[in-house]
Amino acid sequence: MRRKIFFRLDPPKVLVFGFGAIIFLGTLLLSLPSSTVNGKGLPFLDALFTATSATCVTGLVVVDTGDTFTRFGEMVILSMIQIGGLGFMSFATLFAFILGKRISFKERLIIQESLNNATVEGIVRLVKRIFLFTAVIEIAGGIILSLRFSQEMAAGEAIYFGFFHAISNFNNAGFDLMGGFNGLTAYAEDPIINLTMIALISLGGIGFIVMNELFEYRSTKRISLHTKIVLFVSGVLVFGGALLIFILEFNNPSTLKPLTMTGNIFGAIYQAVTPRTAGSNTLNIPDLKQSTLFFIIFLMFVGASPGSTGGGIKTTTFAVLIGAVKSQIRGREDVTFFGRRMEHSIISKSLTVTMIALFLVILITMMLTITEPGKDFLMIFFETVSAFSTVGLSMGLTPELSSYGKILITITMFAGRVGPLTLAFAVAKRRKEDHYRYPAGKVMIG
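Residues numbered from 1 in each chain as written. Predicted model: local features only at pLDDT ≥ 70, side-chain atom pairs only at ≥ 80, totals over all residues. Heavy atoms only, no water.

Asks: Is there a simple way to explain the overall build of the protein chain in this structure?
Replies: Within the protein chain one finds 19 helices and 2 strands. Among the 446 residues that make up the protein chain, the fraction classed as buried is 54%. Relative to all contacts within the protein chain whose residues are 6 or more apart in sequence, the contacts with residues 24 or more apart total 69%. Entry remark: accessible area of the protein chain is about 21300 Å², with carbon and sulfur atoms responsible for 65%. (Helix = DSSP H or I, 4+ residues; strand = E, 2+ residues; numbered from the N terminus. Buried < 20%, exposed > 50% of the residue type's maximum accessible area, 1.4 Å probe, protein only. Contact = heavy atoms within 4.5 Å. Areas by Shrake-Rupley, 256 points an atom, 1.4 Å probe, with all protein chains shown as cover.)

As structure tokens, then:
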């Protein structure tokens, strides 16, 4: 009976309730005495914040993961990261496969909404591929990181560290076990750590739809417009961002200046990749220049690509908006990419997503300036965008948040992971399509 009621809901509502249920369960588990080193369990609000951050693959933490949690607590967090990154509907589909159950059309619609796929056609096959890609990438990344960590810790611990960080970064979560809120700053010049983490973050951020197309390219010889836009925009943001960060931070004695040239290159690239929306860092974020921090805010807001483990308004949304502006300036009505025209519904959806995201970020930032008096505005703004885009980079505000601040950031992380448009659809009362149109009106713009 509960299953019938659950799937009678619209797909957006199912996603909201599904993620909410996972967060609630994670909160209860992290509140258990066996989850923390001190044997007391996390206070409810801190447990709720951590469970939301893990399920929404954000990485913002009010307590340090490596210093606070037992192996049981860390495994609870890792499980939520994996489920949150791939989507709970993907796991529900996996269990249905195992039990030999048929996937209904309504369930396929929910999976489509969860993966942000354009069509329901082939959605079950895509879910199978998602688990295949995830297993191969996480195992490969885990082995490489384990071998590297084995140089400085026991074999068992090295394997645990290697696979924890591989899963965390592929899912763009950014949780780490290094302790002291230090992130990966000790490995700023380490080529193995840098290259492996960059590869994991990038693969998790381009989206499974793109990954699947590239996998099938040898047989299809076809690349869709979606994949072309994702790869192009991602490349511009990463390499252009790395170049700008390198220029801005080259003479900063607290970040790039003390490093070798190799360290400078790795540091710039890593800090350009991680806002896409991983959250791990090799440079100390508060030590970056204000200009760099503001640029990282922009990168975080754009975020990853549709159907990925990351957040933000997404690369395709950003591309469509830039294309619309470019067309207006040139006096053209159509927005085109690679010889293809964008439908007006796509442009409207891109504008809607961006405006809802901007409204939410502005609202939460304003409220945090009230609940967190005396805190630097850039720090508050940075933390809000990081939470909305499920990035997890922090200037150090999160551990110092008041109870009200934790609640606000928790809501922001949840809204960012579910998606602003999906959340709006879930909350709003859907109206039947009108069978009439109002007379056209004219408004002066600009």
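Asks: Can you walk me through the pattern of salt bridges in this structure?
Replies: Side-chain pairs of opposite charge can arise where the charged atoms are in close proximity. Tallied over the full model, the rule gives 6 salt bridges. Note that Arg148 and Asp190 form a salt bridge whose closest N and O atoms lie 2.6 Å from each other. Note that Arg148 is positioned in helix 8 (residues 123-149) and Asp190 in the loop between helix 9 (155-170) and helix 10 (191-206), a separation of 42 residues in sequence. One exposure class covers both Arg148 and Asp190, and it is buried. (Salt bridge = Lys/Arg side-chain N within 4 Å of Asp/Glu carboxyl O.)

Asks: What is the right way to look at the packing of helix 3 (residues 44-55) against helix 5 (residues 71-86) in this model?
Replies: Packed helix pairs are specified by the crossing angle of their axes together with the interaxial distance, meaning the distance between the axes. Contact pair helix 3 / helix 5: the axes reach a minimum separation of 7 Å and the direction vectors enclose 40°. The angle between helix 3 and helix 5 places the two elements in the oblique class. Residues Thr50, Ala51, Ala54 and Thr55 of helix 3 pack against Ile77, Met80, Ile81 and Gly84 of helix 5. Across the contact of helix 3 with helix 5, the residue classes break down as 5 nonpolar, 3 polar and no charged. (Axes fitted to C-alpha atoms, helices over the stretch in contact; angles between N-to-C directions. Parallel < 35°, antiparallel > 145°, perpendicular 65-115°, else oblique. Nonpolar A, V, L, I, M, F, W, Y, C, P; charged D, E, K, R; others polar.)

Asks: Any chance you could explain unusual backbone geometry here in plain terms?
Replies: Glycine aside, the phi torsion of most residues is negative, and most peptide linkages are trans. Not every positive phi belongs to a glycine, and Asn172 is a case in point at roughly 60°. Structurally, Asn172 is set in the loop between helix 9 and helix 10. Non-glycine residue Thr390 carries a positive phi angle of around 50°. As for its position among the elements, Thr390 is in the loop between helix 17 (377-388) and helix 18 (403-418).

Asks: How should the environment of Ile347 be read in this particular structure?
Replies: Locating Ile347 in the fold gives a position in helix 16 (residues 344-371). Along the backbone, Ile347 and Gly323 are 24 residues apart, and their C-alpha atoms lie at a distance of 9.3 Å.

Asks: Mind showing me how you'd approach the confidence of the model for the protein chain here?
Replies: Any region with low pLDDT has predicted coordinates that should not be read closely. Per-residue pLDDT for the protein chain averages 87, and the proportion of residues at 70 or more is 85%. Across residues 1-7, confidence stays below pLDDT 50; counting only partners more than four residues off in sequence or on other chains, it has 8 contacts. (pLDDT = per-residue confidence, 0-100.)

Asks: Can you walk me through the packing of aromatic side chains in this structure?
Replies: When we look at a pair of aromatic rings, we describe it by the centre distance and by the angle of the planes. Counted by the stated rule, this structure contains 11 aromatic pairs. When the ring of Phe133 is compared with that of Phe215, the centres are 5.4 Å apart and the planes differ by 70°; the resulting orientation is edge-to-face. Here Phe133 is found in helix 8, whereas its partner Phe215 is found in helix 11 (residues 208-220), with 82 residues between them in sequence. Classification of Phe133 as buried rests on a relative accessible area of 8%. (Phe/Tyr/Trp six-rings, centres within 6.5 Å; stacked < 30°, edge-to-face > 60°.)

Asks: Which parts of the structure should I look at to understand a nonpolar patch on the surface?
Replies: Together, Leu351, Met355, Leu358 and Ile362 give the surface a local cluster of nonpolar side chains, amounting to about 390 Å² of exposed area. Residue placement: Ile362 occurs in helix 16. Accessibility expressed as a relative area gives 56% for Ile362, which makes it exposed. (Patch = residues over 30% accessible without salt bridge, like charges linked within 9 Å, V, L, I, M, F, W, Y side chains within 5 Å.)

Asks: It is not clear to me how helix 5 should be interpreted in this structure. Could you clarify?
Replies: Between the first and last C-alpha of helix 5 there are 22 Å, a value that for 16 residues agrees with the 22 Å anticipated at 1.5 Å per step. Where helix 5 is concerned, the buried positions are Gly73, Glu74, Val76, Ile77, Leu78, Met80, Ile81, Gln82, Gly84, Gly85 and Leu86. (Expected span 1.5 Å × (residues − 1).)

Asks: What exactly am I supposed to notice about the side chain of Arg129 here?
Replies: As for its position among the elements, Arg129 is in helix 8. There is a polar contact of 2.8 Å between the side chain of Arg129 and the side chain of Glu216. The contacts of Arg129, once residues within four sequence positions are left out, are Asn212, Phe215 and Glu216. (Polar contact = N/O pair within 3.5 Å; in protein donor to acceptor, adjacent residues only side chain to side chain.)

Asks: Quick question: what am I supposed to make of the side chain of Glu383 here?
Replies: Counting through the fold element by element, Glu383 comes out in helix 17. Among buried Asp, Glu, Lys and Arg side chains, Glu383 stands out as unpaired, with Lys375 the closest opposite charge at 10 Å. A polar contact of 3.4 Å, which involves the side chain of Glu383, links it to the backbone nitrogen of Met395. Residues in contact with Glu383, not counting those within four places in the same chain, are Leu60, Ser394, Met395, Gly396, Leu397, Thr398 and Ile409. (Lys, Arg positive; Asp, Glu negative; His and termini not counted.)

Asks: Before we go on, may I ask you to explain the packing of helix 17 against helix 18 in this structure?
Replies: Where helix 17 contacts helix 18, the two axes come as close as 7 Å, and the packing angle between them is 40°. Here helix 18 runs oblique to helix 17, going by the angle between their axes. On helix 18, the residues that touch Glu383, Thr384, Ala387 and Phe388 of helix 17 are Ile409, Thr412, Met413 and Gly416. Considered class by class, the residues forming the contact of helix 17 with helix 18 number 4 nonpolar, 3 polar and 1 charged.

Asks: I'm lost on the environment of Leu248 in this one. Help?
Replies: Relative to the helices and strands, Leu248 is located in helix 12 (residues 225-249). Between the C-alpha atoms of Leu248 and Lys289, which are 41 residues apart in sequence, the distance is 7.5 Å.

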